[in-house]
Amino acid sequence: MRARFLSSLLTLAASAGLVATSSVARADTNDAPSAGEPREIGVGMYFVATEDVTLRDAALSKGARIHVTRVGLQKGRVATVDVELADGHVLKRVAVDAIRKAFVLADESRD
C-alpha cells in the first residue's frame, strides 16, 4: 500500500514538473523578440543618437546620450518614454518609434 502511494506521488510530481517546465519554456520563447521585432525599451537604459534628431523641442546632435526615466504603456506595449538629456532636462512622452529610428543602445562600458 505504501509503495503504491509513493509511486502515485512520484508520478504526480513528475507530471507536474513536466507541465511546469513546458510552460516556462513556452513563456521564454514568447517573450524573446524575433529577428524582425525590436526589443523592448526599459527604464534605466541609455541610448546614443546615430544622427542629428529633434525630440519634441530639443535638437540633439549625433552622439548625444539620453537616459530613459519612465515608460508609458498602451495595450501592454511600451508606446512612449520620458528621457533625460545630458543637461538634466526631461522630455516627456517621446514616441518609442522616434527612439528606435534615431538611437542605438549605448555601450554601458563607457559610463
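Now for a quick tour of the structure. Computed from a predicted model, the values in this text were never measured in an experiment.

Basis of the calculations
- Residues numbered from 1 in each chain as written.
- Predicted model: local features only at pLDDT ≥ 70, side-chain atom pairs only at ≥ 80, totals over all residues.
- Heavy atoms only, no water.
- Pairing = 2+ DSSP bridges.
- Helix = DSSP H or I, 4+ residues; strand = E, 2+ residues; numbered from the N terminus.
- Axes fitted to C-alpha atoms, helices over the stretch in contact; angles between N-to-C directions.
- Contact = heavy atoms within 4.5 Å.
- Buried < 20%, exposed > 50% of the residue type's maximum accessible area, 1.4 Å probe, protein only.

Moving on to the sheet that holds strand E7 (residues 103-105). Taken in spatial order, the five strands line up as E6-E5-E4-E1-E7 in an open sheet, and their pairing is antiparallel. Lying at the two open borders of the sheet, with one neighbouring strand each, are strand E6 (90-95) and E7. The sheet shows a mean angle of 40° between the axes of neighbouring strands, taken without regard to direction. Pairing analysis gives four bridges linking strand E5 (residues 77-84) to E6, with the strands arranged antiparallel. Each residue of the ladder has a partner; that of Thr80, found in E6, is Ala95.

This part covers the side chain of His67. Following the sequence through the fold, His67 ends up in strand E4 (residues 65-74). With residues near it in sequence (within four places) discarded, His67 still touches Gly44, Met45, Tyr46, Asp82, Val83 and Glu84.

So, about the environment of Ala58. Its location among the elements puts Ala58 in strand E3 (residues 58-60). Relative accessible area serves as the criterion here: at 12%, Ala58 is assigned to the buried category. Considered as a pair, Ala58 and Leu91 are 33 residues apart in the sequence and their alpha carbons are 8.2 Å apart. The residues contacting Ala58, other than those within four sequence positions of it, are Val53, Leu85 and Leu91.

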